[in-house]
Amino acid sequence: MVMEAIDKVEEANGNAKNIIKMMEGITEKKTPYGSYMQIRISAMFTSHLLKSLSLLSDEVREKVIYSSAEYMRTHNPDTLRWLAETPGTSGIISELLSGLILLGEVGQKAVTTNTVLMVDAEYTNTNPALTALAMALSLVCNRTKAVVWNTTQCYLKKSFEALQWEFNFAEKNNLHYGAKLVRGAYMVAEENEAKTQGNPCPVHDGIQATHNSYNSTANWLLQKIRDNSNQGRQIRFVLASHNQDSIKQAVERMRSYGIPSEDRKVILAQVYGMCDHITYTLGQKGYPVYKSVAVGTISESLPYLSRRSHENSSLIANSRQERQLLNSELKYRIMG
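Only a predicted model underlies this, so the values are computations on that prediction, with no experimental measurement involved.

The next point concerns the packing of helix α9 (residues 244-256) against helix α10 (residues 276-284). The interhelical angle for the contact between α9 and α10, taken along N-to-C directions, is 15°, at an axis separation of 12 Å. Here α9 lies roughly parallel to α10, going by the angle between them. When the axes of α9 and α10 are compared, the crossing they make is right-handed. Contacts between α9 and α10 involve Q244, I247 and V251 from the former and H277, I278 and L282 from the latter. Of the residues contributing to the contact of α9 with α10, the split by class is 4 nonpolar, 2 polar and no charged.

In structure tokens:
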């Protein structure tokens, strides 16, 4: 469901209700494997709160993770009372508590409807908070299966370090683990923000470095799945890419590592209407595929789709190839 980040707390409740309503709707059409849904936590928390939490130290933010999970379970405000004494949190405690109630309701609905929640990553000035809230929700929802999957943006220089931390966090807390790998869709904004603030650019230097980051991160997760084959803890991820080389590498490594496609531990994903020839070919070969469908008004959906079209530099070339394939198929059907 396409929802932009909110600026007013009052918008959060309606957004959470719409997310839950959407889960109920897709559940009616679900497959035996359950449903998958992308959500933006920023639809339930203001950018001011997310930026404030992101500025906290790693140690304090990890404490927020455990306290937030406890609050979602018990609704006892004492679990987060200590945060009011932390510098930089003035004025956000009330919003955090109300937002966690909504986030917990979304998580509970995902568990009861057998829906995987793929939490979108956004900008680097809010991602630490988004990850903290996603990890808090995973503490509540990922005890019996991988319900909450956080997104890693592989165009960021620190993306692999962040993913390793999340993986270790899940392992330390005996949680099932899920992730979504993307290259990233906010490169221009990140570069401009870094220049404005006089900070080093967080994005990899050049597209090849991003390709290397994406492919090596996917391979690392595939190795973890291979090494975890006889253990009870789930390790799963979505390989979200329109890049044929990345998909080909992942499929070849799945074969070499002995990861059966029918285990559905790796989901291969593209945006609906983009690189459909890749999706359909993978599906025909027995690989689990996911098509990301933007649900919302035109004004809500276009920014999302625009970011997706800029996310991968090979998309235009892929579109040409797809048109050629469609033309060939059309000629075959007409002329035999």
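There is more to say after this.
Topologically, K291 is positioned in strand β7 (residues 289-292). A polar atom in the side chain of K291 sits 3.1 Å from the backbone oxygen of V271. Separated by 2.6 Å, the side chains of K291 and D276 make a polar contact. If near-sequence neighbours (up to four positions away) are discounted, K291 is found in contact with Q270, V271, Y272, G273, M274, C275, D276 and T279.

Before going further, it helps to spend a moment on the pairing of strand β1 (residues 35-39). Most of β1 sits out of view: 5 of its 5 residues are buried. Residue alternation in β1 divides its side chains into two sets, S35, M37 and I39 and Y36 and Q38, and both sets are buried. The pairing of β1 with strand β2 (residues 115-119) spans 5 bridges and is classified as parallel. Looking across to β2, one finds that I39 is bridged to V119.

In spatial order, the strands read β1-β2-β3-β4-β5-β6-β7; together these 7 strands make up an open sheet with parallel pairing. With partners counted over all chains shown, the strands left at the sheet margins are β1 and β7, one partner each. Averaged over all pairs of adjacent strands, the angle between their axes in this sheet comes to 25°, without regard to strand direction. In the packing of helix α8 (residues 207-227) onto the sheet, the strands contacted are β4 (177-182), β5 (235-240) and β6 (266-271), and the crossing angle to β5 comes to about 155°.

On to unusual backbone geometry. Of note in this structure, N114 is not a glycine but carries a positive phi near 55°. In this fold, N114 is placed in the loop between α4 (93-112) and β2.

What follows deals with the nonpolar core. Among the nonpolar cores identified, the biggest contains 76 residues, and F45, L96, L100, L103, V106 and F237 are the most heavily contacted of them. Ranked by residue count, the leading element in this core is helix α5 (residues 127-141), at 10 residues. Here L100 is in contact with F45, S68, Y71, M72, L80 and L133, once residues within four sequence places are set aside. In terms of nonpolar packing, the next biggest core, distinct from the first, is built from 11 residues, Y36, V116, A146 and V238 among them.

Another point: the environment of G91. Its place among the elements puts G91 in the loop between α3 (58-74) and α4. For G91 and H48, which are 43 residues apart along the polypeptide, the C-alpha to C-alpha distance reads 9.8 Å.

Glancing now at the pattern of salt bridges. Enumeration according to the criterion identifies 11 salt bridges in this entry. Here E70 and R73 are joined by a salt bridge, their closest N and O atoms 3.4 Å apart. Taken as a pair, E70 and R73 lie in helix α3 at a separation of 3 residues, close to a single helical turn. R73 sits in the partly exposed class, given a relative accessible area of 42%. Linking D276 and K291 is a salt bridge whose minimum nitrogen-to-oxygen distance equals 2.6 Å. Within this pair, whereas D276 is found in helix α10, its partner K291 is found in strand β7, the two being separated by 15 residues in sequence.

Cut-offs used in this document
Residues numbered from 1 in each chain as written. Predicted model: local features only at pLDDT ≥ 70, side-chain atom pairs only at ≥ 80, totals over all residues. Heavy atoms only, no water. Axes fitted to C-alpha atoms, helices over the stretch in contact; angles between N-to-C directions. Helix = DSSP H or I, 4+ residues; strand = E, 2+ residues; numbered from the N terminus. Parallel < 35°, antiparallel > 145°, perpendicular 65-115°, else oblique. Left-handed = near helix turned anticlockwise from the far one by under 90°. Contact = heavy atoms within 4.5 Å. Nonpolar A, V, L, I, M, F, W, Y, C, P; charged D, E, K, R; others polar. Polar contact = N/O pair within 3.5 Å; in protein donor to acceptor, adjacent residues only side chain to side chain. Buried < 20%, exposed > 50% of the residue type's maximum accessible area, 1.4 Å probe, protein only. Pairing = 2+ DSSP bridges. Core = buried A, V, L, I, M, F, W, Y, C linked by side-chain atoms within 4.5 Å. Salt bridge = Lys/Arg side-chain N within 4 Å of Asp/Glu carboxyl O.

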